[in-house]
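# Residue-level structural notes
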Amino acid sequence: MNKPSIYGMTLEQLGLWLEERGHKKSRALPVWEALYRERVSGFEKMREVRPECLELLKEHFSLQTLEEHTRQESSDGTVKFLLRLEDGNLIETVLMRHKFGLSVCVTTQVGCNIGCSFCASGLLKKSRDLTSGEITGQILKVQRYLDAAGDGELVSHIVVMGIGEPFDNFTHLTAFLRTVMDAKGLAIGPRHITVSTSGLADKIREFADLNLRVNLAVSLHAPNNDLRTSIMKINKAIPIEKLMQAIDYYLEKTNQRITLEYILLRGINDQREHALELAELVGDRRPYVNVNLIPYNPVDEHSHYQRSEQDSVLGFYDMMKKQNVSCSIRLEHGTDIDAACGQLRSKQIKKDKNLAAAN
C-alpha cells in the first residue's frame, strides 16, 4: 500500500498528528520548514528534526509522490510537465513566466467530468480526485526544477486551472490552498492565487463562506443558456441564472472582484451581438467583474471549433469597453508546445494505447 504524501497535511494537522503519537506539537514546525523552506528531497535530510520523529514520519508518509514523465519547454519560457502519480496516472502541471513573477497552473483531478465540448481535459473522463498532497506536490516539483537551475527564482503565483474541476474536489482543494498560503511555508499570498470553476453554484457559495481571500474565476464562455448549454453541458444542471445568483452571493459576501472567463470560438460566440448580450448579463455588476477573453487553442478531437480571427477578438474587446465592462485578453503561453490544458496527457495516453495494441 502506498504511503500518503506528507504534503497533504497542513501545519496544524501535522502538529496534532505528532501530538497524538507522543511528540510535542511544536516539533511540526522544523518538519514544515524543512519541507517548504529547505525543500528537502528526503526525510534523512531534515537536519533539525529529532531522529525518533523522523523515523515516525518515514514510517507513515511519502515525500516523493510525483515522477516526471515528460517535459516540454517553450521558446517563451513556459514549461509543461507531464507527471506520473504513484498509481501510474498522468497529470499536467505548467510553469509560466510573467512580468509580475512565476506562475504555476496545477491540476486537481485525474480527468474531468464537466464535459465542455471544446476542452482537451475532458477527452478522458475523471477517474479520481487528487489528494491535497498531490496538488501541493506539483508546486514543490516545479520549485525544485527552479532550484536546480540555481537562479534563485521562486514560484510567486498559482492558478488552479489545470485538468479537472477544482470545486468538484473541494476538501482537497481548500487544504491545498491553506498549505501553500501558510506564512511559515511557501507563503504565497491569497491575492496571488486564482481558482477557476466551471460554475458549481453551491460550491461558489461555500467558497465565499470560507473567506480565504483568493481570486475566483468562473468559466462562462457564452452569454445565454442556449449557447452555453451547447458548449458546456453543465449549464443544463446549473443554468446561467442560478450561476449569476451564486456570483452575486460571492460578491456580497467577500467584497472581491471576480473574473468571467470567455473562450472565443470562431463564428460561435465571438460576434458583436454576443458581446452586447454579455455586457447586458454583467449589468450593474460592472465595478466587480472583469471579463477575460481567451484565444482558443485548437484540439484535434474538437476540430469543429476554430480559433477566432484577431479582428474578432479585438472587436469583441472594443465592444466590451464601449459598454463600460472591464475586459482583458489573456496573454498566451506555450503556443509552440501542447498548449491546451490536457492536450499533452491525452496525446501520451493515446500513444501508450497504440503501442500496447501494436504489441
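Residues numbered from 1 in each chain as written. Predicted model: local features only at pLDDT ≥ 70, side-chain atom pairs only at ≥ 80, totals over all residues. Heavy atoms only, no water.

## Some points on the overall build of the protein
Within the protein, the regular secondary structure consists of 12 helices and 12 strands. Relative to the compact-globule value of 21 Å for 359 residues, the protein shows a C-alpha radius of gyration of 21 Å, a close match. Once the C-alpha set of the protein is aligned to its principal axes, its extents read approximately 70 × 55 × 40 Å. Within the protein, buried positions represent 54% of all 359 residues. Put simply, of all contacts in the protein between residues at least 6 apart along the chain, 66% involve residues at least 24 apart. (Helix = DSSP H or I, 4+ residues; strand = E, 2+ residues; numbered from the N terminus. Rg over C-alpha atoms; globule rule 2.2 N^0.38 Å. Buried < 20%, exposed > 50% of the residue type's maximum accessible area, 1.4 Å probe, protein only. Contact = heavy atoms within 4.5 Å.)

## Quick word on the environment of S5
Relative to the helices and strands, S5 resides in the segment before α1 (11-20). It is 4.8 Å that separates the C-alpha atoms of S5 and S62, two residues lying 57 residues apart in sequence. Beyond its immediate stretch of four places on either side in the chain, S5 contacts F61, S62, T65 and G133. A distance of 3.1 Å separates a polar atom in the side chain of S5 from the backbone nitrogen of Y7. (Polar contact = N/O pair within 3.5 Å; in protein donor to acceptor, adjacent residues only side chain to side chain.)

## Re the pairing of strand β8 (residues 193-197)
For β8, a buried count of 5 out of 5 residues is recorded, marking the element as mostly surrounded by other parts of the structure. Neither face of β8 is exposed, since I193, V195 and T197 on one face and T194 and S196 on the opposite face are all buried. Pairing analysis gives 3 bridges linking strand β7 (residues 155-160) to β8, with the strands arranged parallel. Its bridge partner being in β8, V160 is matched across the sheet by V195. In the classification by handedness, the crossover that spans β7, the intervening helix α5 (residues 170-181) and the parallel β8 is right-handed. (Pairing = 2+ DSSP bridges. Right-handed = clockwise from strand over helix to strand, strands pointing away.)

## Topic: the pattern of salt bridges
Counted under the stated rule, the structure contains 20 salt bridges. The partner of D129 in a salt bridge is K126, with the nearest N and O atoms 3.1 Å apart. With a closest N to O distance of 3.2 Å, D168 and K126 form a salt bridge. Linking D168 in the loop between β7 and α5 with K126 in the loop between β5 (109-110) and β6 (128-129), this pair joins segments that are 42 residues apart in sequence. Classification of K126 by relative accessible area gives partly exposed; the value is 24%. Connected through salt bridges with shared partners, the residues R27, R50 and E52 form a single ionic network. (Salt bridge = Lys/Arg side-chain N within 4 Å of Asp/Glu carboxyl O.)

## Concerning the UniProt feature "active site" (unreviewed entry) in the protein
UniProt records the feature "active site" (unreviewed entry) at E92 and C341, using the numbering of this structure. Assignment of secondary structure puts E92 in strand β3 (residues 90-98). Only 3.1 Å separates the side chain of E92 from the side chain of K80, close enough to count as a polar contact. (UniProt positions renumbered as here; feature names shortened; annotations may be inferred.)

## Let's talk about helix α4 (residues 132-149)
The α-helix winds at 3.6 residues per turn, so residues separated by three or four positions along the chain end up facing the same way. Over its 18 residues, α4 runs 27 Å from end to end, which matches the ideal 26 Å to within 8%, given 1.5 Å per residue. For α4, the tally of buried residues reaches 13 of 18 residues, placing the bulk of the element in the interior. (Expected span 1.5 Å × (residues − 1).)

## Observations concerning the packing of α1 against helix α2 (residues 28-36)
If you want to describe how two helices pack, look at the angle between their axes and the distance between the axes. Interaxial distance between α1 and α2 falls to 9 Å at its minimum, and their mutual angle equals 135°. As judged from the angle between their axes, α1 and α2 are oblique. At the point where α1 passes α2, the crossing takes the right-handed sense. Contacts between α1 and α2 involve L11, L14, G15 and L18 on the former and, on the latter, A28, L29, V31 and W32. For the contact of α1 with α2, the per-class residue count stands at 7 nonpolar, 1 polar and no charged. (Axes fitted to C-alpha atoms, helices over the stretch in contact; angles between N-to-C directions. Parallel < 35°, antiparallel > 145°, perpendicular 65-115°, else oblique. Left-handed = near helix turned anticlockwise from the far one by under 90°. Nonpolar A, V, L, I, M, F, W, Y, C, P; charged D, E, K, R; others polar.)

## Focus: unusual backbone geometry
Working note: non-glycine residues mostly have negative phi, and peptide bonds are mostly trans. Despite not being glycine, R213 shows a phi value in the positive range, around 75°. One non-glycine residue, N255, lies in positive phi territory at about 55°. Turning to its location among the elements, N255 is positioned in the loop between α9 (240-254) and β10 (258-264). On the basis of relative accessible area, N255 is assigned to the exposed category, the value being 61%.

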